[in-house]
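Overview (structure and organization)
Take a look at the letters that make up each chain.
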Amino acid sequence: MHSNNFGNYIYIATLDTGTDDIYYNRLDTTTDTLLTGSTAIDTNNGSVQTDTTAAGANYQSITVATNGTIYVSLNDSTDSFVLRCSVSCNSTASWSEVGTSPLDLANDYSILVPLTAGDIMLINRDISLEDIRSKIWHNTAATWDAAWKFIDTNATDNTTYDIGLAAVVASSTSAATTSIYFAYTADNATLGTDDDVRTALYKAGRWASTTNAITNSSMGITGVAIARDTNTGNVYVGYSGI
């Protein structure tokens, strides 16, 4: 789910593991109404996806670029992809795949965040390599970055609770000053031994590690969230455990 700065809409992507389809809808908060019905966005004849999803193994992400284009991603062992739509998004035919997918064929996890000039960033947890990395879709050039930028190459994860990513964007009209604040779980392969909530900052085209929110916790950390107060600039990280 994603809210935007262009109006009063909340954008929603849901995953039906029974039919292996992603559905799109939009909530207008001024009238408390949804679009008429949900739209299966991954069955367009021009870009039919072949994912075989399962509850607890696959997760979708949604964001809206600064130009209003909607992006949705999914990681799966048979088909991983990013889709987009700019107009009439309640129609399946309006959705198409975003370039050649940069994602592995694996049940990894990704989140999407908006950048300037209609670009978006994909942040990916590569579970098999225990890496966290990012790539940018350059809207004008219509291409993904050639290489991944690594945020953490030793982000060990828990095989059950393997999502653990959250990001918030400090918006700007300049790519040089747009910042992404990022939090993620790590070192929690065995819950409750030495669990971390680590953080990083993206600015001026580079990632830098920042101070851990939690280090070597015995809580059994399974999830994380992050938010930024636009008035004060303060960043808040929340986490959950068992």
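Placed above this text is the structure.
What you are looking at is a predicted structure, and each value in this text was computed from that prediction instead of being measured.

Moving on: the nonpolar core. Residues Met121, Ile123, Ile132, Ile180, Phe182 and Trp207 are the most contacted members of the largest nonpolar core, which totals 19 residues. Broken down by element, the residue count for this core peaks at four residues, all from strand β16 (residues 179-186). Contacts of Met121, omitting those with residues within four sequence positions, involve Ile111, Leu112, Val113, Leu115, Ser134, Lys135, Ile136, Ile180, Tyr202 and Trp207. Within the second largest apolar cluster, 16 residues are counted, among which are Leu35, Ile62, Ile70 and Cys89.

Another aspect to go through is the state of the cysteines. Per the counting criterion, the structure on display carries one disulfide. A sulfur-sulfur distance of 2.2 Å marks the disulfide that ties Cys85 to Cys89. Every disulfide takes its handedness from the sign of the S-S torsion; for Cys85 and Cys89 that torsion is -105 degrees, giving left-handed. Across this residue pair, the class does not change: Cys85 and Cys89 are buried.

Note: strands within a sheet are paired through backbone hydrogen bonds, in either parallel or antiparallel orientation. Strand order in this open sheet of four strands is β15-β16-β17-β18, and the pairing throughout is antiparallel. Looking at strand neighbours, the two that pair on one side only are β15 (165-170) and β18 (206-217), the edges of this open sheet. If you compare each strand with its neighbour and ignore which way they point, the axes differ by 15 degrees on average. Two elements, strand β17 (residues 195-203) and β18, share seven bridges in a ladder whose sense is antiparallel. Bridge pairing links Ala200 to Ser209 in β18.

Scanning all chains against the criterion turns up four salt bridges. Across the pair Asp104 and Arg133 runs a salt bridge whose closest N-O atoms are separated by 3.0 Å. You can see Asp104 sitting in the loop between β9 (96-97) and β10 (109-114) and its partner Arg133 sitting in strand β12 (residues 131-138), a full 29 residues away along the chain. Connected via shared salt-bridge partners are Asp104, Asp126 and Arg133.

Rules used throughout
Residues numbered from 1 in each chain as written. Predicted model: local features only at pLDDT ≥ 70, side-chain atom pairs only at ≥ 80, totals over all residues. Heavy atoms only, no water. Core = buried A, V, L, I, M, F, W, Y, C linked by side-chain atoms within 4.5 Å. Buried < 20%, exposed > 50% of the residue type's maximum accessible area, 1.4 Å probe, protein only. Helix = DSSP H or I, 4+ residues; strand = E, 2+ residues; numbered from the N terminus. Contact = heavy atoms within 4.5 Å. Disulfide = S-S within 2.5 Å. Pairing = 2+ DSSP bridges. Axes fitted to C-alpha atoms, helices over the stretch in contact; angles between N-to-C directions. Salt bridge = Lys/Arg side-chain N within 4 Å of Asp/Glu carboxyl O.

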